[in-house]
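# Breakdown of the fold
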Amino acid sequence: MAGTAVVVDSNENLWNGGTEPLKASYGKLMMWFFLLSDAFTFTSLLATYGFIRFAHPAFEGEIENFVFSQEYWPIPEMVFNAVPFLHGIHLPLVFVGIMTFILILSSVTMVLAVDAGHRNDKVAVEKWMLWTILGGLTFLGCQAWEWMHFIHGTEAGGQLLDGSFFHGANLSLNQYGPPNFAALFFFITGFHGFHVFSGVVINFIIFYQATTGVLERRGTYEMVEKVGLYWHFVDLVWVFVFTFFYLV
Amino acid sequence: MEQEIKGLDVTPVDKDKIKKIWKVTAILFLATVVEFIIAFTVGAGALKTTVFILLTIFKAFYIIGEFMHLSHEKKGLVWMIVAPTVFLMWLIAAFWIQGEAIFQAIFGS
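Residues numbered from 1 in each chain as written. Chains lettered and ligands numbered in written order. Predicted model: local features only at pLDDT ≥ 70, side-chain atom pairs only at ≥ 80, totals over all residues. Heavy atoms only, no water.

## Observations concerning the pattern of salt bridges
One side chain can pair with another of opposite charge once the charged atoms of both are near each other. Our working definition: Take a side-chain nitrogen of Lys or Arg and a carboxyl oxygen of Asp or Glu: if they are within 4 Å of each other, that pair is a salt bridge. Segments assigned H or I by DSSP are reported as helices when at least four residues long, segments assigned E as strands when at least two residues long, and all are numbered from the N terminus. Relative accessibility decides the category of a residue: with a 1.4 Å probe and only protein chains considered, values under 20% of the type maximum give buried, values over 50% give exposed, and everything between is partly exposed.
Applying the stated criterion to the full structure yields 8 salt bridges over all chains. For the salt bridge of A:E225 with A:K28, the shortest nitrogen-to-oxygen distance reads 2.8 Å. Here A:K28 lies in helix α1 (residues 26-54) and A:E225 lies in helix α7 (residues 222-247), a separation of 197 residues in the sequence. The class for A:E225 is buried, based on a relative accessible area of 15%. A salt bridge links A:D115 to A:R119, with the nearest nitrogen and oxygen atoms 3.4 Å apart. Taken together, the salt bridges that share partners define one network made up of A:D115, A:R119, A:D121 and B:K17.

## Some thoughts on the nonpolar core
Cut-off, in case you're wondering: Throughout this description, the term nonpolar core refers to a set of buried Ala, Val, Leu, Ile, Met, Phe, Trp, Tyr and Cys residues connected via side-chain atoms within 4.5 Å. An automatic or database domain assignment is the source of the domain bounds shown. Working rule for contacts: check all heavy atoms of both residues, and any pair within 4.5 Å makes them a contact.
Formed by 93 residues in total, the largest nonpolar core has its most connected members in A:F80, A:M129, A:F150, A:V224, A:W238, A:F245 and A:Y246. Sort the elements by how many residues they give to this core and α7(A) lands first, with 17 residues. Each of domain 1 (15-72) and domain 2 (75-109) of chain B accounts for three or more of the residues forming this core. With residues up to four places along the chain from it excluded, the contact list for A:F245 reads A:Y49, A:P76, A:F80, A:F181, A:L184, A:F185, A:I188 and A:F240.

## Brief notes about the interface of chain A and chain B
Using the following cut-off: Put simply, buried area is the surface a 1.4 Å probe can reach on two separate parts but cannot reach once they are joined, added for both. Polar contacts here mean pairs of N or O atoms no more than 3.5 Å apart (in protein, one a potential hydrogen donor and the other a potential acceptor; neighbouring residues in sequence count only if both atoms are side-chain atoms). Each residue gets one of three labels, nonpolar for Ala, Val, Leu, Ile, Met, Phe, Trp, Tyr, Cys and Pro, charged for Asp, Glu, Lys and Arg, and polar for the others, Gly among them.
At the interface, 54 residues of chain A touch 50 residues of chain B. Overall, the association of chain A and chain B removes approximately 4900 Å² of surface from exposure, summing both partners, and the carbon and sulfur fraction of that is 80%. Its salt-bridge partner being A:D115, residue B:K17 comes within 3.3 Å of it at the nearest N-O pair. For the interface between chain A and chain B, the tally reads 7 residue pairs in polar contact (both at pLDDT 80 or more). Considering every element that reaches the side of chain A that touches chain B, the biggest residue donor is α1(A), with 15 residues. Split into classes, the residues belonging to the side of chain A that touches chain B amount to 33 nonpolar, 13 polar and 8 charged.

## Notes on the UniProt feature "transmembrane region" (unreviewed entry) in chain A
All names here are of chain A. Note the threshold: UniProt positions are given in the numbering used here, feature names are shortened, and annotations may be inferred rather than shown by experiment.
Under the local residue numbering, the UniProt record ascribes the feature "transmembrane region" (unreviewed entry) to residues 29-52, 93-116, 128-148, 181-208 and 229-247. In residues 29-52, helix accounts for 100% and strand for 0%; the two terminal C-alpha atoms are 35 Å from one another. Across residues 128-148, the secondary structure splits into 100% helix and 0% strand, with the terminal C-alpha atoms separated by 30 Å.

## Re the UniProt feature "transmembrane region" (unreviewed entry) in chain B
All names here are of chain B. Residues given the UniProt feature "transmembrane region" (unreviewed entry) here are residues 21-40, 46-65 and 77-97. Span residues 21-40 is 100% helix and 0% strand, its end C-alpha atoms 30 Å apart. The span residues 46-65 is 100% helical and 0% strand by assignment, and the distance between its end C-alpha atoms comes to 28 Å.

## Details of helix α4 (residues 85-107) of chain B
Definition in use: Expected span of a helix: the number of residues minus one, times 1.5 Å.
Over its 23 residues, α4(B) runs 33 Å from end to end, which matches the ideal 33 Å to within 8%, given 1.5 Å per residue. Of the positions making up α4(B), those classed as buried are B:L88, B:I92, B:W96, B:G99 and B:F103. Turning to α4(B), the residues buried within the fold contact α1 and α7 of chain A.

## Quick word on the packing of aromatic side chains
We describe a pair of aromatic rings using the distance from one ring centre to the other and the angle between the two ring planes. We count it as follows: Here the aromatic set is Phe, Tyr and Trp, taking the six-membered ring for Trp, and pairing holds for ring centres within 6.5 Å; pairs whose planes are under 30 degrees apart are stacked, those over 60 apart are edge-to-face, and all others are tilted.
Following the criterion strictly, the structure yields 42 aromatic pairs over all chains and no others. Between A:W238 and A:Y246, the ring centres sit 6.0 Å apart and the planes meet at 50°, which makes this aromatic pair tilted. Assessed through its relative accessible area of 0%, A:W238 is described here as buried. Consider the rings of B:F36 and B:F40, whose centres lie 6.4 Å apart with planes at 45°: the pair is tilted. Of this pair, B:F36 and B:F40 both sit in helix α1 (residues 15-41), 4 residues apart, which is roughly one turn of that helix. Taking relative accessible area as the criterion, B:F36 reaches 16% and is therefore assigned buried.

## Side note on the packing of helix α3 (residues 94-118) of chain A against helix α4 (residues 122-152) of chain A
Residues and elements named next belong to chain A. For clarity, the threshold we go by: Each axis is a line fitted through C-alpha atoms, and for a helix only the stretch in contact is used; angles between axes span 0 to 180 degrees, taken between their N-to-C directions. Orientation categories follow fixed angle ranges, with anything under 35 degrees roughly parallel, anything over 145 roughly antiparallel, 65 to 115 roughly perpendicular, and all other angles oblique. In this scheme the crossing of two helices becomes right-handed for a clockwise turn of the near helix relative to the far one and left-handed for an anticlockwise turn of less than a right angle.
As a packed pair, α3 and α4 sit with axes 8 Å apart at the nearest point and diverge in direction by 160°. By the angle class used here, α3 and α4 are roughly antiparallel. Read as a crossing pair, α3 and α4 show a hand that is left-handed. Here the contact of α3 with α4 is built from residues that sort into 17 nonpolar, 8 polar and 1 charged.

## Examining a nonpolar patch on the surface
Residue and element names in this part refer to chain A. Put simply, the rule reads: Each patch is built from residues that are more than 30% exposed by relative accessible area and take part in no salt bridge. Like charges join if they lie within 9 Å; nonpolar side chains (Val, Leu, Ile, Met, Phe, Trp, Tyr) join within 5 Å. Accessibility throughout is a Shrake-Rupley quantity obtained with a 1.4 Å probe, and a residue counts as covered only by protein chains that appear here.
A cluster of nonpolar residues, F194, F197, V201 and I205, forms a patch on the protein surface that exposes about 380 Å² of accessible area. As for its position among the elements, V201 is in helix α5 (residues 179-211). Of the residues examined, V201 reaches a relative accessible area of 36% and is grouped as partly exposed.

## Some details on the domain arrangement of chain B
Structurally, chain B comprises domain 1 (15-72) and domain 2 (75-109). Distance from the C-alpha centre of domain 1 of chain B to the C-alpha centre of domain 2 of chain B: 22 Å.

## Details of the side chain of A:S69
Residues and elements named next belong to chain A. Here S69 shows up in the loop between α1 and α2 (76-79). Residue classification places S69 among the buried residues on the basis of a relative accessible area of 18%. A polar contact of 2.9 Å, which involves the side chain of S69, links it to the backbone nitrogen of E71. Residues in contact with S69, not counting those within four places in the same chain, are Y176, G177 and P178.

## Quick look at the confidence of the model for chain A
Stated precisely, the cut-off is as follows: pLDDT is a residue-level measure of predictor confidence that goes from 0 to 100.
Per-residue confidence for chain A averages 89 on the pLDDT scale, and 95% of its residues sit at or above 70. Element-level mean pLDDT values for chain A span from 77 in strand β1 (residues 158-159) of chain A up to 96 in α5(A).

In structure tokens:
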């Protein structure tokens, strides 16, 4: 029938294809769903941490009298109290605090990179992506030092049943407390560290594409936004790891 | 017709937006400082744990909402991401309660 007016009901046609009902591109949506599934993985790790931690006795008594023992769960601030170049000085949680600020700052530079991407400002994208990559690498370096210190242990070390001494921690021995404490430390911070590492690699790829003009020719800097989502998620996970592993 | 490959038009910086980003940064920074102060002044217990968890959720709200821009997305997308986290919270709570029960079974009198 020629001349029949077609009334387009925008609500009814919203989900029939050809539009973006959620006002977000396919890639961005899929990144969100991936991050949600990743959140489930990290949650299961933190749930396991709580499960094992609360099944162990806690240290009773004043914190000044705390000594490492296999009998109870260690107090994190007594384990993580070392800072590079300040050997032997008791600085509880200072180094891990510095790491937290580094990661938050690299998250901020990522927001600025995403903002620059929205404005199609190639130079600003390059600048802020580079800062973000540097922040990520610094964090990884700090974590490598933290692991090294944890693995090598303190001078006092721990004593085995046969009277011999050992230092530090691995997956079967742990001078700081129950072996599971070290296992969870390696798994949780290791899994997060691997995310940081892959984030740095992905950030570098996007930085490279921005620099060589690939994103410019594509006509949109949305890839910066997508990797930005991933990078913020890595920061978000660290906020939770910091609270549940180091503070509580 | 010859087509010239032109660069994209660069939009100037929105000062207010940048200001907002640094404001959120300051909030996250302060929340972490408060966490540090509490870590060394308040004795271990339920109160300390509760404050830490609340501050963590407070920080997560700003990171997800502002940095990841979720607060400014469509309501449908927001709920798609936020609603399933209910299961995550229950998972954590269930495992922690179970851990406590195992502690009671082994060490409880």
